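Understanding the architecture of this molecule
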Amino acid sequence: MKKRPRIHKSRRIPQLTGASILKLRPYQAAVFRDNRTGIIVLHWARQIGKSFTLAAWAVDRVLKNPGRLVTVLSNSRENGAEFVQKCGEVCTLLADLLKSIGAEVTTQDLSPDLSLASMRLEIRIKTTPDDGIERIGRIKVLAANPRTARGFSGDLILDEFAFHEDSAAIWEAAEPILASNRDFLCRIASTGNGRHNLFYRLAMPGISPNQTHLSATNPAIVSPSPGGEGRGEGVRSTDRCRFRTRVTGLVQNIGNT
Ligand SMILES: Nc1ncnc2c1ncn2[C@@H]1O[C@H](COP(=O)(O)OP(=O)(O)OP(=O)(O)O)[C@@H](O)[C@H]1O
Ligand SMILES: [Mg+2]
């Protein structure tokens, strides 16, 4: 009898499977799949999946880059805990995928007390890539302040950035780290919160000369196709969906006028 060839179980992360398993809307999938653009600013309406998209992106970054650190700066303990919960939801939805590559996920609250300043929440994802060496990637959720923004290494997520106290100082601390490490990606998301914050200036090109801040990082752009296709449920029909690209980063406005 003919001997069947032995099938080796691949530990490689299947490409682009996550977006469909997670049932991401087109405007979310465009952000989820982008692993090239240095900085992306998401100026999206409320409750249309900013945190869910960023949580999915963070999990995907760790899965595709075993041992990676993704730092999330959050403006409150509630938002930080919610982000961790969303990462958990993503991992639950990807359970089969994680199992097929032998990944293990654990969540820990390492905060020494209940103050926002000392918040330290972690999602650990242990993977064993093709080289057989076990690596632990982490998504670390910390309080948003200039100190934490100065200390990160890896990818950076600023969720609800328009609501961060001291957003200009946070950006001033983080930007040089991003600028000198082209491999570090940054994702900034928020709904608008008036004009007196850095998010407004980042999201509204032409408003302030300070937006050249963005220009220090990776000039590569992956721009999703413009037009209405990115509209998802939860976006009112009168809302505009448009993408703006710049030489150095990408700003997406969805559901905001
Ligand atoms: N693609 C999706 N399919 C189904 N449900 C989704 C999807 N994306 C997000 N959701 C759900 O929509 C709700 C809002 O998502 P999320 O909290 O990520 O939005 P948000 O824009 O960050 O909200 P907020 O403005 O309050 O910060 C959540 O219950 C989330 O699980
Ligand atoms: Mg949110």
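Residues numbered from 1 in each chain as written. Chains lettered and ligands numbered in written order. Predicted model: local features only at pLDDT ≥ 70, side-chain atom pairs only at ≥ 80, totals over all residues.

1. With respect to the overall build of the protein chain
Spelled out, the test is: Going along the chain from the N terminus, every DSSP run of H or I of four or more residues is numbered as a helix, and every run of E of two or more is numbered as a strand. Three exposure classes are used. Buried residues have 20 or more other C-beta atoms within 10 Å of their own C-beta, exposed residues have 12 or fewer, and partly exposed residues fall in between, all C-beta atoms being placed from the backbone. In this description, a residue-residue contact is defined by the distance between C-beta atoms placed from the backbone, which must lie within 7 Å.
A count of helical and extended segments in the protein chain gives eight helices and nine strands. Across the 257 residues of the protein chain, 42% fall into the buried class. In the protein chain, once contacts between residues fewer than 6 apart in sequence are set aside, the share between residues at least 24 apart is 69%.

2. Considerations on the environment of Phe52
Mapped onto the elements of the fold, Phe52 is located in helix 3 (residues 50–64). When the C-alpha positions of Phe52 and Phe32 are compared, they lie 10.0 Å apart, and in sequence the two are 20 residues distant.

3. Things to note about the site of ligand 1
The criterion, for reference: What makes a residue near a molecule or strand is its C-beta atom, placed from the backbone, lying within 6 Å of it.
Neighbouring residues of ligand 1: Lys23, Leu24, Arg25, Gln28, Arg46, Gln47, Ile48, Gly49, Lys50, Ser51, Phe52 and Thr191. Of the residues forming the shell around ligand 1, the biggest block, three residues, is contributed by helix 3.

4. Some thoughts on the pairing of strand 6 (residues 155–159)
This is how it is decided: Strand pairing requires that DSSP identify at least two bridges connecting the strands. Crossover handedness is defined here as right-handed if the route from the first strand over the helix to the second strand goes clockwise, with the strands pointing away from the viewer.
Most of strand 6 is tucked away: five of the five residues are buried. Residues Asp155, Ile157 and Asp159 point to one face of strand 6 and Leu156 and Leu158 to the other, with burial holding for every one of them. Summarising the sheet, strand 2 (residues 69–74) and strand 6 pair through four bridges and their orientation is parallel. Across the sheet, residue Leu73 finds its bridge partner in strand 6, namely Leu158. Relative to strand 7 (residues 186–190), strand 6 is paired through four bridges, and the arrangement is parallel. From the neighbouring strand, Leu158 faces strand 7, where its bridge partner is Ile188. With respect to chirality, the unit in which strand 6 leads through helix 7 (residues 167–180) into the neighbouring parallel strand 7 is right-handed.

5. Structural notes on unusual backbone geometry
Despite not being glycine, Lys23 shows a phi value in the positive range, around 55 degrees. Among the secondary structure elements, Lys23 is positioned in the loop between helix 1 (18–21) and helix 2 (26–33). For Glu160, which is not glycine, the phi dihedral falls at a positive 55 degrees.

6. Remarks on the confidence of the model for the protein chain
The cut-off we apply is this: Every residue gets a pLDDT, meaning the predictor's confidence in that residue, from 0 to 100.
Per-residue pLDDT for the protein chain averages 78, and the proportion of residues at 70 or more is 73%. Within the protein chain, the lowest mean pLDDT, 30, falls on strand 8 (residues 241–245), and the highest, 98, falls on strand 2. Note that pLDDT drops below 50 for residues 207–248; the model gives that stretch 83 contacts with residues more than four away or on any other chain.

7. Re helix 3
Filter applied, for reference: The span expected for a helix works out to 1.5 Å for each residue beyond the first.
Over its 15 residues, helix 3 runs 21 Å from end to end, which matches the ideal 21 Å to within 8%, given 1.5 Å per residue. With 14 of 15 residues buried, helix 3 is to be regarded as a mostly interior element.

8. As for the packing of helix 2 against helix 3
Stated precisely, the cut-off is as follows: An axis is simply a line fitted to the C-alpha atoms; with a helix, the fit covers only the stretch in contact. Between two such axes, the angle follows the N-to-C directions and lies from 0 to 180 degrees. We call two directions roughly parallel when the angle between them is under 35 degrees, roughly antiparallel when it is over 145, roughly perpendicular when it lies between 65 and 115, and oblique otherwise. Handedness of each helix crossing follows the sense of rotation of the near helix against the far helix: counterclockwise by less than a right angle gives left-handed, clockwise gives right-handed. Amino acids are sorted into nonpolar (Ala, Val, Leu, Ile, Met, Phe, Trp, Tyr, Cys and Pro), charged (Asp, Glu, Lys and Arg) and polar (every other residue, Gly among them).
Where helix 2 meets helix 3, the closest approach of the two axes is 9 Å, and the angle between their N-to-C directions is 30 degrees. Put simply, helix 2 runs roughly parallel to helix 3. You can see that helix 2 and helix 3 cross each other, and the crossing is right-handed. Here helix 2 contributes Gln28, Val31 and Phe32 to the contact with helix 3, which in turn contributes Thr53, Ala56, Trp57 and Asp60. Tallied by class, the residues present in the contact of helix 2 with helix 3 amount to four nonpolar, two polar and one charged.

9. Let's talk about the pairing of strand 5 (residues 135–143)
The sheet contact formed by strand 2 and strand 5 spans six bridges and is parallel. Bridge assignment links Val72 to a residue of strand 5, and that residue is Val141.

10. Focus on the nonpolar core
Selection criterion: The term nonpolar core refers to a group of buried residues, namely Ala, Val, Leu, Ile, Met, Phe, Trp, Tyr and Cys, whose C-beta atoms join them within 7 Å.
Ala55, Ala56, Ala58, Val59, Cys87 and Ile188 are the most contacted members of the largest nonpolar core, which has 63 residues in total. Residue contributions to this core peak at nine residues, all from helix 3. In this structure, Ala56 is in contact with Gly18, Leu22, Leu24, Phe32 and Val90, ignoring residues within four places of it in sequence.

11. Structural notes on the environment of Ala56
Along the polypeptide, Ala56 turns up in helix 3. Owing to 27 C-beta atoms within 10 Å, Ala56 belongs among the buried residues under this scheme. Along the chain, Ala56 and Phe32 lie 24 residues apart, while their C-alpha atoms are 6.8 Å from each other.

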